[in-house]
Each structure stands twice: as structure tokens, then as C-alpha cells.
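This is what each chain is made of:
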Amino acid sequence: MNNIIDLLVIGGGPAGLMTAKTAAELGLKVTLIEKNKNFQQLRRACSAQFILDNGYEKEFIKLENGKILFTKNNFEVNYTGNLVQIKNKYYNSPKGHKIHFALPGQKAFAVKFDKRKLLDDLCNECVALGVDVRMSTLACGGSDKGDYVSINLKGTNTYTLNAKKVVIAEGANARLTGLFGLNKSRTNFATALVSKYILEDVYGIEPNSWNLFYGKTFFSNAPVIIGPSLYGNNTFELTISGSANAKPDSIYENVINYSPLKKNFENTKLIDKQGCAVKAFSSLKTPYSGNILIIGDSAAFVEVEVQGALMCGYHAANAIFKELKGKNGFETYTNWWKSAFEFNSDEYLLVSQGYALVPTYTDDELDYLFALIENKILEGTYSQYKTPKLIWDEILLHKDKIKSERPIIYEKIKKMNTMTLTDTFKN
Ligand SMILES: Cc1cc2nc3c(=O)[nH]c(=O)nc-3n(C[C@H](O)[C@H](O)[C@H](O)COP(=O)(O)OP(=O)(O)OC[C@H]3O[C@@H](n4cnc5c(N)ncnc54)[C@H](O)[C@@H]3O)c2cc1C
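Each chain has its residues counted from 1, following the order in which its sequence is written. In view of the model being predicted, local features appear only for residues whose pLDDT reaches at least 70, and side-chain atom pairs are presented and counted only at 80 or more, with totals across whole chains, interfaces and linings using the full set of residues. Side-chain numbers here rest on the full set of heavy atoms in the structure, without hydrogens or water.

1. What to know about the sheet that holds strand S10 (residues 110-113)
Step number 1: Reading across from one edge, S3-S10-S7 is the order of the three strands in this open sheet, with antiparallel pairing throughout. Strands at the two margins of the open sheet, each flanked by one partner only, are strand S3 (49-51) and strand S7 (83-86). Strand-to-strand twist across the sheet, computed as the mean angle between neighbouring axes with direction ignored, equals 30°.
Step number 2: Of the strand pairs in this sheet, S3 and S10 are connected by three bridges, and their pairing is antiparallel. Bridging across to S10, Gln49 finds its partner in Lys112.
Step number 3: What makes two residues a contact is simply this: any of their non-hydrogen atoms within 4.5 Å. Angles run from 0 to 180 degrees between N-to-C directions of axes, and those axes are lines fitted to C-alpha atoms, restricted for helices to the stretch in contact. For the purposes of this entry, the term helix denotes a DSSP run of H or I that reaches at least four residues, the term strand denotes a run of E that reaches at least two, and both are numbered from the N terminus. Most of the contacts of helix H5 (residues 305-324) go to S3, to which it runs at about 70°, and overall it touches S3 and S10. Should DSSP find at least two bridges between two strands, the strands are regarded as paired.

2. Some details on the site of the ligand
Step number 1: By nearness alone, 34 residues border the ligand, and Glu34, Gln49, Glu305, Val306 and Tyr382 come closest of all.
Step number 2: As used in this structure description, the phrase polar contact means that two N or O atoms lie within 3.5 Å; if the pair is within protein, one of them must be able to donate a hydrogen and the other to accept it, and residues adjacent in sequence are counted only when both atoms belong to side chains. Take Lys35: an N or O atom from its main chain is 3.2 Å from a nitrogen atom of the ligand.
Step number 3: One of the backbone N or O atoms of Ser47 is found 3.0 Å from a nitrogen atom in the ligand.
Step number 4: For the ligand, the accessible surface in isolation is 1000 Å², of which the surrounding protein chains cover 93%.
Step number 5: Listed by contribution, the elements that provide at least two residues to the shell around the ligand are helix H1 (14-25), strand S12 (138-144), strand S19 (269-281) and H5.
Step number 6: Counting residues per element, the shell around the ligand draws most heavily on H5, which supplies three residues.
Step number 7: Residues were grouped as follows: Ala, Val, Leu, Ile, Met, Phe, Trp, Tyr, Cys and Pro as nonpolar; Asp, Glu, Lys and Arg as charged; and all remaining residues, including Gly, as polar. Along the lines of polarity and charge, the residues of the shell around the ligand split into 17 nonpolar, nine polar and eight charged.
Step number 8: An automatic or database domain assignment is the source of the domain bounds shown. Two domains each put at least three residues into the shell around the ligand: domain 1 (4-48 + 114-186 + 282-344) and domain 2 (82-112 + 191-277 + 347-427). The cutoff for a nearby residue is simple: one of its non-hydrogen atoms must lie within 4 Å of the molecule or strand. Shrake-Rupley sampling with a 1.4 Å probe provides the accessible areas, and residues are treated as covered by the protein chains on show and by no other component.

3. Things to note about the packing of aromatic side chains
Each aromatic ring pair is specified by the distance between its two centres and by the angle formed by the two planes.
Step number 1: Centres within 6.5 Å make a pair out of two Phe, Tyr or Trp rings, where for Trp the six-membered ring is used; the pair is then stacked when the planes are under 30 degrees apart, edge-to-face when over 60, and tilted otherwise. Enumeration over the complete set of coordinates arrives at 19 aromatic pairs.
Step number 2: When the centroid spacing of 4.2 Å and the interplanar angle of 10° are considered together, the rings of Phe75 and Tyr314 count as stacked. Linking Phe75 in strand S6 (residues 75-78) with Tyr314 in helix H5, this pair joins segments that are 239 residues apart in sequence.
Step number 3: Of the residues examined, Phe75 reaches a relative accessible area of 9% and is grouped as buried.
Step number 4: Centroid distance Tyr288 to Phe330: 5.4 Å. Interplanar angle 45°. Geometry classified as tilted. Of this pair, Tyr288 sits in strand S20 (residues 288-289) while Phe330 sits in helix H6 (residues 329-340), and the two are 42 residues apart along the sequence. Accessible area is worked out with a 1.4 Å probe on protein chains only. A residue is then buried under 20% of its type maximum, exposed over 50%, and partly exposed in between.

4. A closer look at the sheet that holds strand S5 (residues 67-70)
Step number 1: Taking strand neighbours across the sheet as the criterion, the three strands line up as S4-S5-S6 in an open arrangement whose pairing is antiparallel. At either end of the open sheet lies a strand with only one pairing partner, and these are strand S4 (61-64) and S6. The sheet shows a mean angle of 20° between the axes of neighbouring strands, taken without regard to direction.
Step number 2: In this structure, S4 lies alongside S5, joined through four bridges in antiparallel fashion. Counted as the bridge partner of Leu63 is Ile68 from S5.

5. Re the pairing of strand S14 (residues 158-168)
Step number 1: The pairing of strand S1 (residues 4-10) with S14 spans six bridges and is parallel. Each residue of the ladder has a partner; that of Leu7, found in S14, is Lys165.
Step number 2: Alignment of strand S13 (residues 149-154) against S14, held across six bridges, turns out to be antiparallel. What sits directly across from Leu153, in S14, is Tyr159.

6. Points about the side chain of Asn344
Step number 1: Checked against the element boundaries, Asn344 lands in the loop between H6 and helix H7 (349-355).
Step number 2: At a separation of 2.6 Å, a polar atom in the side chain of Asn344 contacts the side chain of Ser283.
Step number 3: Not counting the four nearest positions on each side in its chain, Asn344 is found in contact with Ser283, Lys285, Trp337 and Lys338.

7. So, the UniProt feature "domain: FAD/NAD(P)-binding" (unreviewed entry) in the protein
Step number 1: As recorded in UniProt, the sites labelled "domain: FAD/NAD(P)-binding" (unreviewed entry) are residues 6-190.
Step number 2: Taken end to end, residues 6-190 comprises 17% helix and 39% strand; its first and last C-alpha atoms sit 36 Å apart. UniProt positions are given in the numbering used here, feature names are shortened, and annotations may be inferred rather than shown by experiment.

8. What to know about the domain arrangement of the protein
Step number 1: When its domains are assigned, the protein resolves into domain 1 (4-48 + 114-186 + 282-344) and domain 2 (82-112 + 191-277 + 347-427).
Step number 2: On a C-alpha basis, the centres of domain 1 and domain 2 stand 32 Å from each other.
Step number 3: Between domain 1 and domain 2, the contact holds 17 residues from the first and 23 residues from the second.
Step number 4: Reported buried area values correspond to the accessible surface (1.4 Å probe) lost by two parts on association, with both partners' losses combined. Buried surface at the junction of domain 1 and domain 2, summed over both partners, amounts to about 1600 Å²; 47% is from carbon and sulfur atoms.
Step number 5: Only one rule defines a salt bridge in this text: a Lys or Arg side-chain nitrogen within 4 Å of an Asp or Glu carboxyl oxygen. In this assembly, domain 1 and domain 2 are joined by one salt bridge.
Step number 6: Linking Asp272 and Arg43 is a salt bridge whose minimum nitrogen-to-oxygen distance equals 2.9 Å.
Step number 7: Linking domain 1 with domain 2 are nine residue pairs in polar contact (both at pLDDT 80 or more), by the criterion used here.

9. So, unusual backbone geometry
Step number 1: Cis rather than trans, the peptide bond between Val358 and Pro359 has omega equal to 10°.
Step number 2: With respect to the helices and strands, Pro359 occurs in helix H8 (residues 357-360).
Step number 3: A positive phi is found at Glu57, a non-glycine position, where the angle reads about 55°.
Step number 4: Take Glu57: its relative accessible area is 6%, and that puts it in the buried class.
Step number 5: At Ala174, a residue that is not glycine, the phi angle is positive and equals roughly 50°.
Step number 6: Locating Ala174 in the fold gives a position in the loop between S14 and helix H3 (175-179).

Printed below as a string of C-alpha cells:
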């Protein structure tokens, strides 16, 4: 059959764009489709912070001379946009007890970046390398014919595109992934609705800090988060996670008008808002079937983060190159995928422990637990895996005290390995 391209990439997020760019550099004939019109109008919420921990996702990224260096996977990505360093992280209890995370010498452990700029630049590089980039184009379905894959596309008209290999990089909701039958073995824990409010003239928030507020007093089971923004001084991002039953907009109204944070938002102006729905599937342990490889958030437990998505793209392109040469590239990719991401290990529920502080513990219990360790500075990290581990390791140093003073809390702690995200996003 004529007109079969080497590779069709579905989704122009960091994973898809990096796949297309790397595959084009390897000499493949690539088409990338993205349902959005352009990257400047990206509306999907993302806090857009790089994690600088040595060993996070088996990598140690560095930002130098307009590049993101992946020092262990041995590749680099151009980035010339703005950066804001994150030097302190605070977990706040309802009454204001703080768990403080920082590195010695106030070294940054995360860096906020401009995701639109990163994607725009990657896309321009793709185009310069000859990738056929089709924006405003939606992949609606298709079938694997054995020798090639046929994908149905909807742009200004509806048509079919045939490719020897397909990479699906459609993000966390994994709709096409499901249509190709790969979600069958996955557990769908919950669907979170997340909105990010960019607010001007926020009062009393420390610059270069990342702040999470836990407790029913903030009207949400998930933490209410305040972090820096790239919009200028005194401008912060407020991130709120809810569910179909507790919409982020109504939580937002309550937080700024009735929560202990009210005073921080008294003269605030809303300058932008972004949002998304995120399905929390368990991860895809074998992320391929036939000629199709699933990468990035589409295959993850919640998220790979942007740096993880770039790594997925880099390894996916190399896997496709190998497959087209008759070698087993998908297996090589799978081995890397399984070892690089913590959610692929059985310990991934540690993440849930971190998020499931509410509703498991009452506001009073959170005040008690946070107060136990508020005089200690824990290691600065943005990792959602390391953070709950650091917190619980420190709290459990007080196990005997908790057992005698607060036996109900002690009983809850004993059960924490059985917690999932489901309760947090149920109501
Ligand atoms: C609230 C929130 C905060 C976050 N904060 C951070 C952070 O601080 N740091 C960090 O690194 N990461 C963060 N993340 C995670 C990060 O956004 C993702 O891990 C990353 O973007 C995943 O990249 P991806 O390419 O796999 O998917 P996505 O970025 O979701 O890209 C998928 C693309 O596919 C397109 N698409 C989907 N379906 C189709 C289709 N059928 N046809 C055509 N196109 C399609 C979408 O429009 C989208 O552009 C956050 C996520 C959320 C929700």
C-alpha cells in the first residue's frame, strides 16, 4: 500500500512533540496531530515546575545555557523561556502549623517554567525538521491492520491516515488508549477536576515558595495550593482540585471568601484561569500492543511530569526507529518505562498516602500531626513520592507519643497502606 508514513504521533504535549522531533532527527517520516489550535492558547492546567532532585525518575536534570540537560538519559532540550526558582515548600494545617521543606543554603529544588514557550519551541523545531504538524486535528479512532495502523482524523474534514507505527501521547484521560483496548487491565481510581486561578495582588505569600493547605476548613479534600506565577510580582497561582460533586469553582469561592486564607485574597484580581479533568488510572505495565506505543501521561498513574514526558518521547522515538529496523524496540522502551517511574513499583500507593490526608484525618488531627514536626526542616523536594515518605518517616518517630495521646490517630496510621485516591475525590 502506498502513502504509509513511518510514524503518526497523536498528541502535541511534551511527550508527543519530543517523540516527533527525535524521530525526525533519526530520519523518519513523521506526522504529528494535535487537537488544539496552537500552544499559546493551551488551557490545560499545569503548575509547570521542573523537579531538580538527583535520581527523580532515574534522572538528574540541569538547566544551563538555554537547555534542559538530561544528564543520565544523555539528551537535551532547548528552553529559553522564563524561570522562577522554588526554594521553600510548606504544608499548612488548618490552624497554621507548618511542615517546612528546604535545602541547605536555600538551594532551589524546583524551577517554574513557561510550558507554552517550551511546547511552541519544540513544535517549531519539529516543523524545521520536516515533521508534518497538523493542529486542530482530532484522532477519533482507528484499527491496527497488522502491517500498519489506520487512524481516523477529524480536522476541517474527516479522513484516514496510515502509518507503520503509532505513538499515542494523548495525556491522562487515555481515551484512544481505551479504544485500542489497553485500559482493560487498569484500575480507574478517580477523576479529579483541577482549576488553576492566576491572581494578581495576593497578600502575605512568600516569594519562591510552594504552599499546600490541608483540611476541611479549606473546603476541599485535596490540598489547596498557592505557588508562584510567571505573570509578575505579587501574582500567584491558586490550584484547586475537586470532583464532579465538588466543583473547583465553588471551592474557589469558599476559599477566597470564607477560609483562613480569606485575608490573603481580599484585594485580589483574577487574571486568568486554566483547568482540566484528570483520570487517575493505575499505570500501564506493558505500554504497547501490535504497532501502537502508549507514552507519557496516557500510560501513567496520574502523571509523568513534563520532564518525564520529554524522556518518554525521546525513548519512544528510539524504540520506533528500532522497530522499523526489525528489532524489538517496544520491549526496550518497556524495560526503561518500568524502571524509570516509581508508580510502576508496588510502592506507588505512597503517593496516595500523601494526598489522602483529608478526609482520613480530621482538621484537629491534622493540627496535632503537623505540630509534631513543625520545628524540623525536611529535605527540600517537589517530588510527590518523596514528600509523603519524608513526612511520615518524621511523624512516625513520635509513634509512641501518638499511641498514648491520640489512639484514634494511631489506629488510622496503622491502616494507611490501604488508602487510595478514591475517597479524596469522591465528594
Ligand atoms: C494541575 C496539574 C499540575 C501539574 N503540575 C506539574 C508540574 O508542576 N510539573 C510538571 O512537570 N508536570 C506537572 N503536571 C503534569 C504534566 O502536565 C503532565 O505530566 C505532562 O504534561 C504530560 O505530558 P503528555 O505529553 O504525556 O500529555 P499532555 O501534556 O496532556 O498532552 C497531551 C496532548 O494530546 C492532545 N490530545 C489528546 N487527545 C487527542 C486526540 N484524540 N487527538 C489529538 N490530540 C489529542 C491534547 O490536546 C494535549 O495537547 C501537572 C498536571 C496537572 C493536571
